[in-house]
Amino acid sequence: MKKSTLLPSLIWASLFLPTLALSQPVLSPTGAPILLSGGEGEQNPDLDTTSKTKLVRLTNGGASDGRLLTVFADGWGSSAFPDGHRVYDVKADIERPARDIFARYSDDDGQTWSDTVNLSQTAALTSIATLWQGEDSAIAPFYGDSDKPNIFNSGTMVVVSWVDKYCDPDQQGSVSYIERDFREIPFSCVYSVRSIDGGTTWQPAQRLTSGSRDAKQDVNRGSSKAWVITWQEDPAGLLLGEAEGPGHGASGAIVSHGTDIWYSSISTAFPEGGKLSDSPFGKGVPFSPPSRITNNWTKMEDKRNDGDPIQSGTEGASRANLALVGGTVVVAYEETKGTEGIDEGKYIRYHSFPFNQPPASVANACLSELNGSPQDCQDDNLPPNAQLPQRMGCILSAPEQNGRRVRFLPQAKPGPSGTKLFIFWKQGEYDQGGPSDIVGRLATDYSDLSSFHPALNVAPADAVGGCLIRGEDDATEPLLQGAFANAPAMNLSHETPLGGDLAAHSDDNPIEDARAHRGYIRGDTLILGYSYTPDLVLARATDLEHYNFWIRRSLDGGHSWEAARDITSELILAYVNQHPDYTAMAQIDVKEPRIVKAPGSSPVACPTGDPDDPSTTDPSLCSNPEGFIVAGGLVENTYEHLGAGRELELFVTRSLDAGATYETPLIFTAANSEDYESQLRVSPDLSQTYVVWNSATEAQGVNGYFITLAPQEPEPAPEPRRTTSSGTLGMLALLMLGLVLAIIRFNSTKR
């Protein structure tokens, strides 16, 4: 959009946006931002290299009810090593201090925080020495660098998982990157640490894997029955990727053949009359030995031309998503097609099983040797049985297209429609980074593929066929037609500004693009958000188009959908109007959007969920079933070949009526820093919004911050000035003059 075409809109926005904001409560900070990663407790000294600050809020009715718990990665140092130990960051392509994982909590809505505790304690340790500084350097120790923390809580139970460079010294592998001066980087292994008292104390960290394969993309989930973890392991090491999408590469999206999704679990149940500390989880029993969910290791191959074959295959799985509902595990991931270049891209595959019966527990789940006889699994060195249906996973995506970034919204208590699961992903004709739509399916039973809508081609029990295989679209038997016989998934983003078409094919508009999909489900209310641009090439290669965040909703469990609503255009318009460095809305993108629904009611302060019930002692702890918040970041939209744009500021808004209306968005960060990666939690009634984020400045490096936001009544509008007729005419004349000038400039640009 040219400045000339923007001018009339800016005039009207400057006149009317403030008026709109005054008609409703406005989220406002309750105090100044609080520095979380400032070097307190076991984090001393502060090396200003904070990464991936996360936040959870506990709702358990106990002593830690309402507690805010944050974790983050940051550089480790000591009096002997004040600058820590240097390591090489493959993703960022820089050398920096090795990081540990730190945690702290607040019991007063974030006003004060506990001392920082070091959960990982590996940055001072080393398990391998490599040429990590490049081919012209000497072999040197690579220290235990902790990657991003992933945190989940249930009741008073909390688990943090991550991947780390401090692994088994006898088994840890490494990979050399020719593109990075032949730097040799160690493989990562998976760790977890747990608490049974809401983060007051922590059990010792447990290493789940050896580092013989390169681990990435860990996810953990828990319930009153179990705790489960998934991750991927690449036998050839983390691939750099090409950063064709919105990310920076080296994230685990692109994997070697033979990469599998792995799984581990532990029971959280305790005997009747007992307590959590009596459970295997509470006693500190280790997670179960890891086992493969998928079947991608099918051969040994000398990929490195060093005479030492490694595990390989024809397919690779990555970026698994995980849910645990009661004792039922739901896993979905993206997997390369294994068609040897005939058809590029990935499938979305889906599994569901009882937490203590993963695919490796099924009879004949492993082979005695490669191409050997089926047998029961005994250890993780037995090849998976590639023909076992439980290992194959149902293909949910269109087999001829590219599916990736699968997400799902599960719930234990459905509404009248019966929908328990909504699963959605990106899908398009093109390979990585190409235009795509957001598509999805719903299900009324996690474990019954026949309950999915739109319908799947379900094979008979224990048969290899139907949606378990790609199939042939011209086959005569449904079993052999494979995933080609699935009904197409609902297209939720097609031609978003025009209202969309659930039955549209991605080919119907191969120019538009949707990404960063988010949502929530509660009963029959489904909220789906995504970033959208009508032209991917213009949005990425120029500043003539950009991404806005849109939200659409379903009130019948996902069977029908209202038209999407643009949540951020007015926000960006006002931002451009207030910042003269920007002359067009398309110079600003929306990044890292979030949707967070109200948590459940406190079982003690609001046992019935009704704020007016006599048993309720604190109405603010009663859940608003229709409340949620929307947040995200603003970032400069630069020409793609110039690299990523500058992170700008963060915003948040609320809906208290299931998305029927939204409050005026609030920008809550300062303009003198780059602010990004917000994580949010809310009180049950949405009266308090708690936010953590990372903030970067040249002078202070990168640090994690916290702030509380609460609705406040707007200041009363000033009495309108009495204007004479000439004053009124003058205002109208000014508006008309601006409009005329804009038209003149617009016409001049067309010549």
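Engineer: Help me out: how do you make sense of the overall build of the protein in this one?
Structural biologist: When you go through the protein residue by residue, the secondary structure sums to seven helices and 44 strands. A globule of 751 residues ought to have a C-alpha radius of gyration of about 27 Å, and the protein, at 27 Å, matches this closely. Along the three orthogonal principal directions, the C-alpha set of the protein runs to about 95 × 70 × 65 Å. Evaluated residue by residue, the protein yields a buried proportion of 55% over its 751 residues. Carbon and sulfur atoms provide 52% of the accessible area of the protein, an area that totals close to 31000 Å².

Engineer: Mind showing me how you'd approach the state of the cysteines here?
Structural biologist: Here a disulfide denotes a covalent bond joining the sulfur atom of one cysteine to the sulfur atom of another. Summed over all chains, the structure comprises four disulfides. Disulfide pairing is shown between C167 and C189; the S-S distance is 2.2 Å. On the sign convention where negative means left-handed, the S-S torsion of about -100 degrees between C167 and C189 marks this disulfide as left-handed. Of this pair, C167 sits in the loop between β12 (157-164) and β13 (174-177) while C189 sits in strand β15 (residues 189-195), and the two are 22 residues apart along the sequence. Comparing C167 with C189, the two get one shared label, buried. Put simply, C394 and C467 are joined by a disulfide, and their sulfur atoms are 2.2 Å apart.

Engineer: What is the right way to look at the nonpolar core in this model?
Structural biologist: Where a protein is soluble and globular, its nonpolar side chains tend to be buried together. Judged by nonpolar contacts, the single largest core of 22 residues is most densely connected at Y350, L396, F408, L421, I423, W425 and F452. Broken down by secondary-structure element, the contributors of at least two residues to this core are β23 (317-325), β24 (328-336), β25 (346-354), β29 (402-410), β30 (421-428) and β31 (437-443).

Engineer: Would you explain a negative patch on the surface in this entry?
Structural biologist: Among the surface-exposed residues, E400, E429, E472, D473, D474, D501, D507 and D508 lie close enough to one another that they form a single negatively charged patch. The residue D474 is located in the loop between β32 (452-453) and α4 (478-481) in this model.

Engineer: Honestly, the environment of S28 in this entry has me stumped. Any pointers?
Structural biologist: The topology assignment puts S28 in strand β1 (residues 26-29). For the pair S28 and Q133, spaced 105 residues apart in sequence, the C-alpha separation works out to 47 Å. The contact partners of S28, leaving out residues within four places of it in the chain, are L666, T708, L709, A710 and Q712.

Engineer: Please explain the pattern of salt bridges as it appears in this structure.
Structural biologist: Side-chain pairing between opposite charges can occur once the charged atoms of the two side chains come close. As enumerated under the stated definition, the model contains 21 salt bridges in all. Across the salt bridge formed by E335 and R349, the nearest N and O atoms sit 2.7 Å from each other. Note that E335 is positioned in strand β24 and R349 in strand β25, a separation of 14 residues in sequence. With respect to class, E335 is no different from R349; both count as buried. The network of salt bridges with shared partners includes D89, R96, R99 and D145.

Engineer: Is there a simple way to think about the sheet that holds β24 in this case?
Structural biologist: Across a sheet, strands are paired by hydrogen bonds formed along the backbone, either parallel or antiparallel in direction. Pairing in this open sheet of four strands is antiparallel, and the strands run β23-β24-β25-β28 from one edge to the other. Looking at the sheet topology across the chains shown, the edges are occupied by β23 and β28 (394-395). With seven bridges joining them, β23 and β24 adopt antiparallel strand pairing. Following the sheet pairing, L324 is matched in β24 by V329.

Engineer: How should the side chain of N491 be read in this particular structure?
Structural biologist: In this fold, N491 is placed in strand β33 (residues 490-491). Side-chain polar atoms of N491 contact the backbone nitrogen of H494, separated by 3.0 Å. With sequence-adjacent residues up to four places away left out, N491 is seen in contact with D437, I438, V439, D501, L502, A504, H505, S506 and R552.

Engineer: What is the right way to look at the packing of aromatic side chains in this model?
Structural biologist: Geometrically, a pair of aromatic rings is defined through the distance of the ring centres and the angle of the planes. Inspection of every chain in the model, using the stated rule, returns 17 aromatic pairs. Ring centres of Y263 and F353 lie 5.3 Å apart, and the angle between their planes is 85 degrees; on these two criteria the pair is classed as edge-to-face. Taken together, the residues span a long stretch of sequence, with Y263 in strand β19 (residues 260-267) and F353 in strand β25 at a distance of 90 residues. Residues Y263 and F353 agree in their burial class; the two are buried.

Engineer: Just to check I follow, could you spell out the pairing of β25 for this structure?
Structural biologist: Counting buried positions along β25 yields seven of nine residues, so the element is predominantly enclosed. The pairing of β24 with β25 spans nine bridges and is antiparallel. Bridge pairing in β25 links Y333 to R349. Here β25 pairs with β28 via two bridges, running antiparallel. Note that in β28 the partner of Y350 across the bridge is C394.

Engineer: Sorry if this is basic, but what is going on with the pairing of strand β40 (residues 647-655) here?
Structural biologist: Two faces, one strand: in a regular strand the side chains alternate between the faces of the sheet. Across the nine residues of β40, nine count as buried, placing the element largely inside the fold. Pairing of strand β39 (residues 628-636) with β40 involves seven bridges; the strand directions are antiparallel. Residue pairing across strands places V635 opposite E647, the latter belonging to β40. The pairing of β40 with strand β41 (residues 666-667) spans two bridges and is classified as antiparallel. For F651, the partnering residue across the bridge sits in β41 and is I667.

Engineer: Any chance you could explain unusual backbone geometry here in plain terms?
Structural biologist: Across the chain, the bulk of peptide bonds are trans and the bulk of non-glycine residues have phi less than zero. Here the residue pair N44 and P45 is connected by a cis peptide bond, since its omega of 0 degrees sits within 30 degrees of zero. Looking at the secondary structure, you find P45 in the loop between β2 (34-35) and β3 (51-57). Here the phi dihedral of K52 falls at roughly 55 degrees; this positive angle occurs in a residue that is not glycine. Mapped onto the secondary structure, K52 falls in strand β3.

Engineer: It is not clear to me how the sheet that holds strand β36 (residues 548-554) should be interpreted in this structure. Could you clarify?
Structural biologist: The sheet built from four strands is open, its strands ordered β34-β35-β36-β37 with antiparallel pairing. Looking along the sheet, the strands with just one partner apiece sit at the ends: β34 (513-522) and β37 (565-566). Pairing of β36 with β37 involves two bridges; the strand directions are antiparallel. For W550, the partnering residue across the bridge sits in β37 and is D566.

Engineer: How do you make sense of the side chain of S678 when you look at a structure like this?
Structural biologist: Within the secondary structure, S678 is located in strand β42 (residues 674-682). In this structure S678 comes out as buried when scored by relative accessible area, which is 2%. The residues touching S678, leaving out its near neighbours within four places in the chain, are R594, L650, V691, V692 and W693.

The rules behind the values
One numbering rule holds for all chains: residues counted from 1, following each sequence as written. In keeping with the model being predicted, local features are shown solely for residues with a pLDDT of at least 70 and side-chain atom pairs are shown and tallied solely at 80 or more, while totals for entire chains, interfaces and linings include all residues. The side-chain numbers reported here are obtained from all heavy atoms of the structure, hydrogens and water having been left aside. Secondary structure is summarised from DSSP: a helix means a run of H or I of at least four residues, a strand means a run of E of at least two, and numbering begins at the N terminus for each. Atoms counted for the radius of gyration: C-alpha only. Globule rule: 2.2 Å times the number of residues to the power 0.38. We call a residue buried when its accessible area falls under 20% of the maximum for its residue type, exposed when it is over 50%, and partly exposed in between, using a 1.4 Å probe and counting protein chains only. Here the accessible surface of atoms and residues is derived via Shrake-Rupley with a 1.4 Å probe, and residues count as covered only by protein chains that are part of the display. Cysteine sulfur pairs qualify as disulfides if the two atoms are within 2.5 Å. Nonpolar cores are built from buried Ala, Val, Leu, Ile, Met, Phe, Trp, Tyr and Cys residues. Side-chain atoms within 4.5 Å join them into one set. By definition, no residue in a patch forms a salt bridge, and every one has over 30% relative accessible area; like charges are joined within 9 Å, nonpolar side chains (Val, Leu, Ile, Met, Phe, Trp, Tyr) within 5 Å. Put simply, a salt bridge is a Lys or Arg side-chain nitrogen that is within 4 Å of an Asp or Glu carboxyl oxygen. Counting rule for charge: Lys and Arg are taken as positive, Asp and Glu as negative, and neither His nor the chain ends is counted. For the purpose of locating charges, the reference atoms are NZ of Lys, CZ of Arg, CG of Asp and CD of Glu. Contacts: residue pairs with any heavy atoms within 4.5 Å of one another. Here the rule is simple: two strands pair whenever DSSP picks up at least two bridges between them. Here a polar contact means two N or O atoms within 3.5 Å. Within protein one must be a hydrogen donor candidate and the other an acceptor candidate, and residues neighboring in sequence count only if both atoms are side-chain atoms. Only Phe, Tyr and Trp rings take part, Trp by its six-membered ring, and two of them pair if their centres are within 6.5 Å. Stacked means planes under 30 degrees apart, edge-to-face means over 60, and tilted covers everything else.

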